[in-house]
Amino acid sequence: MLVLVINSGSSSLKFQVRDVASHSILTEGLIEKIGMGNGGEGDGEIEGPRDHAEALEQVDAAIHEVLGDRKLDAVGHRVVHGGERFGEPVLIDNEITRAIERLNPLAPLHNPANVLGIRAIARKWPDMPQVAVFDTAFHRTLPEQAWRYAVPDSLYTNHGIRRYGFHGTSHEYVTHQAAALLDLPVEEFDGVIAHLGNGASVTALRGGKSVDTSMGFTPLEGLVMGTRSGDLDPSILVFLGRTGWSTEDIDSLLNRESGLRGLAGNNDMRSVVEASEAGDSRAATALAVASYRLAKYIGGYHVAVGGAKALVFTAGIGENSHQFRTLVGEKLGALGIELDAGLNSERSKEARVISTAASLIPVLVVPTDEERAIAEATAAVVNSSGRSLT
Ligand code: ADP
């Protein structure tokens, strides 16, 4: 089955065409500056498609060049917020599209863009099966003790203010890969997975299910990220508000100017590590704060899962930065965790163990592949729906 995987942002659209059976990527691309251009007409000063429909025309042209006469069988969308309703990938129809739209207030930057992508495809290819794969869905198993904030119930009932968690597609995919590497049925996988990319979150898995995760109501809570602060005392926001900061200023401060960028002046882990190695004390502090925060979460989640059978690193930093893994590993001696310096520094694209034989908990590096997971989920939903393929 050929699946077009779409990750639609407010001004960008990432796409990949996957052959699900062979796990291969036939083509992929990124369309940027959607809504900022004039479609190349007129004076042509500004590039970029006018809207998501026009972006889709560009995707179609790019795909056609590669596929020729082969036809797409389905489209899988990464949808950021599934709220409390969606715990599984679903076949999209008008009602589902409206339900995703109703979740817009919970993910104002992301869900509207997802809906634009879905509608653009429904107009262009009316018979194409479309599947929504939700970033929050894997965390629908969080127990109430983990998803509740200690605030009056009306905030939850009237506004849906609770912890949802994100990166679910990645955490679920990596859970299965890690269990397989350890030769465990996934139902017996108790562990901690650290997804460390530009956005970062850590999840506690019990019996292969998410029982706690560091991102909350939005993807801002939890770890120190590229440009996001992660956890902080909420009174800081009140303080800034009283000092005259607008909500937009505070939003931008915490989501775009904090994290590694705020501490070290750079949001790219490679640059921060290089700067620290060259003696930059701000970069060293950023790494210390980020690795300490993660180590604390790992300790807490070891308790949450009743004793982790594995600690797993994934995503850009988790898969590639042996320096950052070392900083985290050396703070986990109390758990009996011991990284093997040689295995840790080896470069590889394979899932692997990087701890010593004496380590009480094995530490793994497992590459994530969200597009593959979305393509496979899409194929599974379409096959089980009994829809005839186009
Ligand atoms: P996104 O959340 O955008 O998908 P990624 O998973 O691609 O992010 O991760 C981006 C982060 O991974 C950046 O901080 C980048 O510096 C880091 N990274 C990527 N490659 C390497 C590498 N070889 N060594 C260290 N860090 C890396």
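Everything that follows concerns the structure shown earlier in this document.
Below, the structure is looked at part by part. (Residues numbered from 1 in each chain as written. Predicted model: local features only at pLDDT ≥ 70, side-chain atom pairs only at ≥ 80, totals over all residues. Heavy atoms only, no water.)

So, the sheet that holds strand E10 (residues 310–314)
Argument step 1. Reading across from one edge, E9-E8-E7-E10-E12-E11 is the order of the six strands in this open sheet, with mixed pairing throughout. Strands with a single pairing partner mark the edges of an open sheet, and in this sheet they are strand E9 (209–213) and strand E11 (352–353).
Argument step 2. Relative to strand E12 (residues 363–365), E11 runs antiparallel, the two sharing two bridges. By the bridge assignment, Arg-352 is partnered in E12 with Val-365. (Pairing = 2+ DSSP bridges. Helix = DSSP H or I, 4+ residues; strand = E, 2+ residues; numbered from the N terminus.)

Some thoughts on the side chain of His-139
Argument step 1. Position of His-139 relative to the elements: it lies in the loop between strand E6 (130–134) and helix H4 (144–147).
Argument step 2. Excluding its chain neighbours within four sequence positions, the residues that come into contact with His-139 are Tyr-164, Gly-165, Phe-166, His-167, Gly-168, His-171, Thr-203, Ser-210 and Thr-213. (Contact = heavy atoms within 4.5 Å.)

What about the pairing of strand E1 (residues 2–8)?
Argument step 1. Most of E1 is tucked away, with seven of its seven residues classed as buried.
Argument step 2. As judged from the seven bridges shared by E1 and strand E2 (residues 13–19), these two strands associate in the antiparallel manner. Within the sheet, the bridge partner assigned to Val-3 lies in E2 and is Arg-18.
Argument step 3. Count of turn residues in the E1/E2 antiparallel hairpin: four residues.
Argument step 4. As defined by bridge partners, E1 adjoins strand E4 (residues 74–79) across four bridges and the pair is classed as parallel. For Leu-4, the partnering residue across the bridge sits in E4 and is Val-75. (Buried < 20%, exposed > 50% of the residue type's maximum accessible area, 1.4 Å probe, protein only.)

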